[in-house]
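Inside the fold
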Amino acid sequence: SAPWTSCLSGSPTWLYILYLPFLLRSKIVEYQIIRKFGIDWGPALLFEYGIGVLEHLDWFTDGAFPVQAYMCEPGITAAWVA
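Owing to the predicted nature of the structure, the values given are computational and were not obtained by experimental measurement.

**Details of the overall build of the protein chain**
What the protein chain contains, in helices and strands, is 2 helices and 0 strands. In the protein chain, which comprises 82 residues, the proportion classed as buried is 18%. Pairs at least 24 apart in sequence give 59% of the contacts found in the protein chain among residues at least 6 apart. Summed over its atoms, the accessible surface of the protein chain is roughly 6,600 Å², and 72% of this surface lies on carbon and sulfur atoms.

**What to know about helix α1 (residues 13–36)**
Helix length check: α1, at 24 residues, gives a terminal C-alpha distance of 35 Å against a target of 34 Å (1.5 Å per residue), a fit within 8%. Its axis deflected by about 25 degrees at Y19, α1 carries its strongest bend there, up to four residues before the proline P21. Phi for G38, located one or two positions after α1, is positive at around 70 degrees.

Cut-offs used in this document
Residues numbered from 1 in each chain as written. Predicted model: local features only at pLDDT ≥ 70, side-chain atom pairs only at ≥ 80, totals over all residues. Heavy atoms only, no water. Helix = DSSP H or I, 4+ residues; strand = E, 2+ residues; numbered from the N terminus. Buried < 20%, exposed > 50% of the residue type's maximum accessible area, 1.4 Å probe, protein only. Contact = heavy atoms within 4.5 Å. Areas by Shrake-Rupley, 256 points an atom, 1.4 Å probe, with all protein chains shown as cover. Expected span 1.5 Å × (residues − 1). Bend = angle between axes of the 7 residues up to and from the residue.

See below:
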């Protein structure tokens, strides 16, 4: 897992690396749709596109979090209670 996490049994780094192609593919498809409709790339659209990247990452971490919480719960609970 990442060195800044408090649990060594959490989501491994390779899982995030494995996820990266899915993120890139989704944003490429979105870019192709935007081009197909001829939408202008103004500041608002760039902002929304960037927020879309963060939203996709949020979706992924929402899926990975229950596993990490299950693996880390005993150690984290003891650290927070002490």
